[in-house]
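Structural features, examined
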Amino acid sequence: MRVYLDNAATTPLDKEVLKSMFEVMESQYGNPSSIHAHGREVRTLIEKSRKTVAALLQASPSEFFFTSGGTEADNMAIRCGIIDYGITHAITTTIEHHAVLHTLQALEKNGVIKLSYVNIDSKGTVDYKHLEELLRINERSFVSLMQANNELGTLTDLEVVGDLCEQYNAIFHCDTVQTMGHYSHDLSKLKVHFLVCAAHKLHGPKGVGFLYINHAIKINPMIFGGSQERNMRGGTENVYGIIGLGKALEIAYEDMDAHQKHIQGLKTYMKEQLIAHVSGIQFNGETDPQKSLYTVLNVSFPEMEMAEMLLFSLDIAGISASGGSACSSGTNIGSHVLNGIGANANRPAVRFSFSKLNTKEEIDYVIDKVKELFQAS
């Protein structure tokens, strides 16, 4: 039996998404920038997907720009938002995705900004009082905070952050790669300037995503070379990917409540079974269902010999997951997220992440194999 529990890394392509893409691949091959009929037909399909995304997120189609994925969208928002507005101070956490963290650190290294890190607790929760302090003493900051940590699942309250940013005239960028399609986003009410999506995290294709830019913000392109995406992103559009993205988000919104109930049930069940069968088990990040992403469970296993072999042993047993540990030596970099929350460096950590396609039977299989590993250690 093979069990895939690494959905935070990428999700299987939905069959309906594949079907929608394949239909276009077969018959719609025109360049969307061409003015003839073949090109116009494809342009219409792109704009249809843009309108679908905008309608689902309660925003204007003109506020969405298709990209190659979340990393490009994060880079575009951060680099262009900071440079074009002459921002000299940015705020983030030490546990952001590297697409955010490394981009901000590069800008700091080049002398563009001073970078401040807002405090987080042992579960990865943002200290909102400290965030306000940083905003109060640094006028017109650029704030970049993800909605859900990709390793821990800990959620950030976007309404609280949005209100603070509005109060202190800050620009708010949010990486929603892990939450898009799993939670409803009403951008007519959410006070965010930039928001990011990667289609492959919600059963769409790899290599495509979008950047939402609030109409109140105007930035210059990061990629030049053509007039595509209303002169904001040069390069021929990934037509089939864009079609797949729109379809994937549409499917996600149609069955969101049912999928959330199913996946949260699997996560809760796995947590209970691990507690019952593995002595000394702990969990990294927030596990309260109201404060944690329901697709992610980060498990801190008891200390064991050859701890670095745990993931390999799971893989041999047919279980795909991801993880690591906090830094325990100068040669072991470890997870910057686990390091950031002060996790025990001697305990191997595994991130199990779930999707609508997982079953209780698969969780039972994983629990049995984990029990075998720790009974043998």
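Everything below is about the structure printed above this text.
1. Quick look at the packing of aromatic side chains
Scanning all chains against the criterion turns up five aromatic pairs. Pairing Tyr183 with Tyr294 gives two aromatic rings, centres 5.4 Å apart and planes at 70°, and the pair type is edge-to-face. Placement of the pair is Tyr183 in the loop between strand 6 (171–175) and strand 7 (194–198) and Tyr294 in the loop between strand 9 (282–284) and strand 10 (296–300), with a sequence separation of 111 residues. Here the two residues Tyr183 and Tyr294 agree in accessibility, since each one is buried. Aromatic ring contacts, followed pair by pair, group Phe64, Phe210 and Tyr212 into a single cluster. Directly above the aromatic system of Phe283 lies the positively charged group of Lys271, at a separation of 5.6 Å from the ring centroid.

2. Some words on unusual backbone geometry
If you check the backbone angles, Asn169 has positive phi at about 55° while not being a glycine. With respect to the secondary-structure elements, Asn169 resides in the loop between helix 6 (158–167) and strand 6. At His203, a position not held by glycine, the phi torsion is positive, near 70°. Among the structural elements, His203 can be located in the loop between strand 7 and strand 8 (209–213). Given the relative accessible area of 7%, His203 is considered buried.

3. Quick word on the sheet that holds strand 8
The seven strands lie next to each other as 2-8-7-6-5-3-4, forming an open sheet whose pairing is mixed. The open sheet terminates on both sides in strands that have one partner only, identified here as strand 2 (64–67) and strand 4 (114–117). Averaged over all pairs of adjacent strands, the angle between strand axes in this sheet comes to 20°, irrespective of strand direction. Across two bridges, the pairing between strand 3 (residues 89–92) and strand 5 (residues 142–144) is parallel. Directly across from Ala90, in strand 5, lies its bridge partner Phe142. Along the sheet, helix 2 (residues 37–56) makes contact with strand 2 and strand 8, crossing strand 2 at roughly 120°. Contacts between helix 5 (residues 128–137) and the sheet are confined to strand 3, strand 4 and strand 5, with strand 3 contributing the most and set at about 175° to the helix.

4. Brief notes about the nonpolar core
Core analysis: the largest hydrophobic core is formed by 46 residues, its most contacted members being Leu57, Leu131, Val143, Phe172, Leu195 and Phe210. Tallying contributions element by element places helix 8 (residues 239–254) first for this core, with eight residues. Among all residues touching Leu57, those that are not within four sequence positions of it are Phe64, Met180, His185, Asp186, Leu187, Ser188, Leu195, Phe210, Leu249 and Tyr253. Val3, Ile281, Leu297 and Ala321 belong to the second-largest nonpolar core, a separate cluster that totals 34 residues.

5. Some remarks on the side chain of Asp74
Here Asp74 lies in helix 3 (residues 70–84). The residues contacting Asp74, other than those within four sequence positions of it, are Ala99, Val100, His173, Asp175 and Val196.

6. Notes on the pairing of strand 13 (residues 349–353)
Buried residues dominate strand 13, accounting for five of its five residues. Because side chains alternate across strand 13, one face comprises the buried residues Ala349, Arg351 and Ser353, and the other comprises Val350 and Phe352, equally buried. Where strand 10 and strand 13 come together, five bridges link them in antiparallel fashion. Bridged to Val296 within strand 13 is Ser353.

7. Regarding the environment of Thr71
Residue position: Thr71 is located in helix 3. Put simply, Thr71 and Leu134 are 63 residues apart on the chain and 26 Å apart in space, counted from C-alpha to C-alpha.

Conventions we followed
- Residues numbered from 1 in each chain as written.
- Predicted model: local features only at pLDDT ≥ 70, side-chain atom pairs only at ≥ 80, totals over all residues.
- Heavy atoms only, no water.
- Phe/Tyr/Trp six-rings, centres within 6.5 Å; stacked < 30°, edge-to-face > 60°.
- Helix = DSSP H or I, 4+ residues; strand = E, 2+ residues; numbered from the N terminus.
- Buried < 20%, exposed > 50% of the residue type's maximum accessible area, 1.4 Å probe, protein only.
- Lys NZ or Arg CZ within 6 Å of the ring centre and 35° of its normal.
- Pairing = 2+ DSSP bridges.
- Axes fitted to C-alpha atoms, helices over the stretch in contact; angles between N-to-C directions.
- Contact = heavy atoms within 4.5 Å.
- Core = buried A, V, L, I, M, F, W, Y, C linked by side-chain atoms within 4.5 Å.

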